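# Structure at a glance
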Amino acid sequence: MKLFKIVVFAALTMVSGVSLQAAVVLSNMGANGLTDTSSASGSDLTTSLLFAAGFTTGSVDQQLDRVSLVVSGTGSKSVRLYSNTGTGVSAVPGSLLSSSVTTTISATKSVQSFDFTGVTLTANTKYWILPDTGMKWFRTVSDTAPTPQNGSGFTFDGMRRSTNNQVSWTSPAQRYTISVSTSEVVPEPALTSLLCFGGIALIRRRMKK
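Residues numbered from 1 in each chain as written. Predicted model: local features only at pLDDT ≥ 70, side-chain atom pairs only at ≥ 80, totals over all residues. Heavy atoms only, no water.

### Structural notes on the pattern of salt bridges
In a structure, side chains of opposite charge can pair up when their charged atoms sit close to one another. To keep it simple, the criterion reads: Think of a salt bridge as a Lys or Arg side-chain nitrogen and an Asp or Glu carboxyl oxygen that are within 4 Å of each other. Put simply, DSSP marks the helices as runs of H or I at least four residues long and the strands as runs of E at least two long, and each gets a number from the N terminus on. To sort residues, take the accessible area from a 1.4 Å probe on protein chains only and compare it with the maximum for the residue type: under 20% means buried, over 50% means exposed, and anything in between is partly exposed.
A full pass over the atoms with the stated rule returns three salt bridges. A salt bridge links Arg-66 to Asp-115, with the shortest nitrogen-to-oxygen separation between them at 3.2 Å. Taken together, the positions of Arg-66 in strand E4 (residues 62-72) and Asp-115 in strand E8 (residues 111-115) put the pair 49 residues apart, joining distant regions of the chain. Overall, Arg-66 belongs to the partly exposed group, its relative accessible area being 31%. For Asp-115, a relative accessible area of 16% corresponds to the buried category. Notably, a salt bridge pairs Asp-157 with Lys-126, separated by 2.8 Å at the nearest N-O pair. Taken together, the positions of Asp-157 in strand E13 (residues 155-162) and Lys-126 in strand E10 (residues 126-131) put the pair 31 residues apart, joining distant regions of the chain. The class for Asp-157 is partly exposed, based on a relative accessible area of 21%.

### Regarding the environment of Phe-114
Put simply, the rule is: We call two residues in contact when some of their heavy atoms are within 4.5 Å.
Inspection of the secondary structure puts Phe-114 in strand E8. Spatially, the C-alpha atom of Phe-114 lies 8.3 Å from that of Leu-69, the residues being 45 residues apart in sequence. When near neighbours in sequence (up to four residues on either side) are disregarded, Phe-114 contacts Asp-65, Arg-66, Val-67, Leu-69, Val-71, Lys-77, Ser-78, Val-79, Ser-100, Thr-102, Thr-103 and Trp-137.

### Focus: unusual backbone geometry
Here Asn-150, not a glycine, exhibits a phi torsion of approximately 55 degrees, which is positive. Among the secondary structure elements, Asn-150 is positioned in the loop between strand E12 (147-148) and E13. Notably, Asn-165 is not glycine yet its phi reads approximately 60 degrees, a positive angle. Among the secondary structure elements, Asn-165 is positioned in the loop between E13 and strand E14 (175-176).

### Things to note about the packing of aromatic side chains
Which entries qualify depends on this criterion: Ring pairs shown here join Phe, Tyr and Trp side chains whose ring centres sit within 6.5 Å, with only the six-membered ring taken for Trp; geometry is labelled stacked below 30 degrees between planes, edge-to-face above 60, and tilted in between. Only when the NZ atom of a Lys or the CZ atom of an Arg is both within 6 Å of the ring centre and within 35 degrees of the ring normal do we say a charge sits over the ring.
This model, assessed by the stated rule, comprises three aromatic pairs. Look at Phe-55 and Phe-154: their rings are 5.9 Å apart centre to centre, the planes differ by 15 degrees, and that puts the pair in the stacked class. Of this pair, Phe-55 sits in strand E3 (residues 50-56) while Phe-154 sits in the loop between E12 and E13, and the two are 99 residues apart along the sequence. Classification of Phe-55 by relative accessible area gives buried; the value is 2%. A residue is classified by how much of its surface remains accessible, and Phe-154, at 1% relative accessible area, is buried. A ring pair is formed by Phe-114 and Trp-137, whose centres lie 5.6 Å apart and whose planes are at 45 degrees; its orientation type is tilted. With Phe-114 in strand E8 and Trp-137 in strand E11 (residues 136-140), this residue pair connects regions lying 23 residues apart in the sequence. Among the residues examined, Phe-114 registers a relative accessible area of 0% and is labelled buried. Residue Trp-137 is classed as buried on the basis of its relative accessible area of 0%. An aromatic cluster is present here, built from Phe-55, Tyr-127 and Phe-154 joined pairwise through their rings. A cation over an aromatic ring shows up here: Arg-139 above the ring of Phe-51, its NZ or CZ 3.7 Å from the ring centre.

### Thoughts on the nonpolar core
Across soluble globular proteins, nonpolar side chains show a tendency to be buried alongside one another. Definition in use: Buried Ala, Val, Leu, Ile, Met, Phe, Trp, Tyr and Cys residues that are joined via side-chain atoms within 4.5 Å together make up what is termed a nonpolar core.
With 26 residues, the main nonpolar core has Val-67, Leu-69, Leu-81, Trp-137 and Tyr-176 as its most contacted residues. Ranked by the residues each element gives to this core, the list is headed by E4, at four residues. In this structure, Leu-50, Ala-52, Tyr-82 and Val-92 belong to the second largest nonpolar core, which totals eight residues.

### Points about the side chain of Asp-65
Note the following rule: Under this rule, positive means Lys or Arg and negative means Asp or Glu; His and the chain ends count for nothing. For the purposes of these results, a polar contact is taken to be a pair of N or O atoms within 3.5 Å, where, inside protein, one atom must be able to donate a hydrogen and its partner to accept one; residues adjacent in sequence count only when each atom of the pair is a side-chain atom.
With respect to the helices and strands, Asp-65 occurs in strand E4. Although Asp-65 is buried, it forms no salt bridge, and the closest oppositely charged side chain is Arg-66 at an N-O distance of 5.1 Å. A polar side-chain atom of Asp-65 sits 2.4 Å from a polar atom in the side chain of Ser-183. Not counting residues within four places of it along the chain, the set of residues in contact with Asp-65 comprises Ala-22, Phe-114, Asp-115, Phe-116, Ser-181, Thr-182 and Ser-183.

Right, here's the structure in full:
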């Protein structure tokens, strides 16, 4: 009976305590993902000049929370998430998956954060970040490449440049000053409750035998 009570308490704690733990997973903008570390010059992106940044996720599914970049100017611009097509040096942006929903201008000069909602990043999968056109996005050859943060296992996969509206891509030397933040993907509370109480019922039945 004592074991049963312990299991019940643990299950209820898990159901009531489900939460998302947000963290910076890839960054060359400091551990907080918001520090302007660039010594970059910027260029306006147009349909005839696009720069995409690639990354591969770690071993656990994650929810994409935000992407932060160094930007010149303000405006209702967005950042887009693309799937990957191809492998190795032929890997390039594929299909559009999602666009950011809100923009936050950081207290840190020039840094803007672009928030996403309802976007799950599958484990061990390559994705591409492509900022909106019509705005000056900073990138440079000399900046340190983004590195994994908080034990995420994420990797930065370089940049791709298109001068013909994504018909073809090349590999430029420049890099964005960029950070990516995610949260853990957790089950819906109703599903978690069902699984927990199903397990409790099974344990109780076995204890009665």
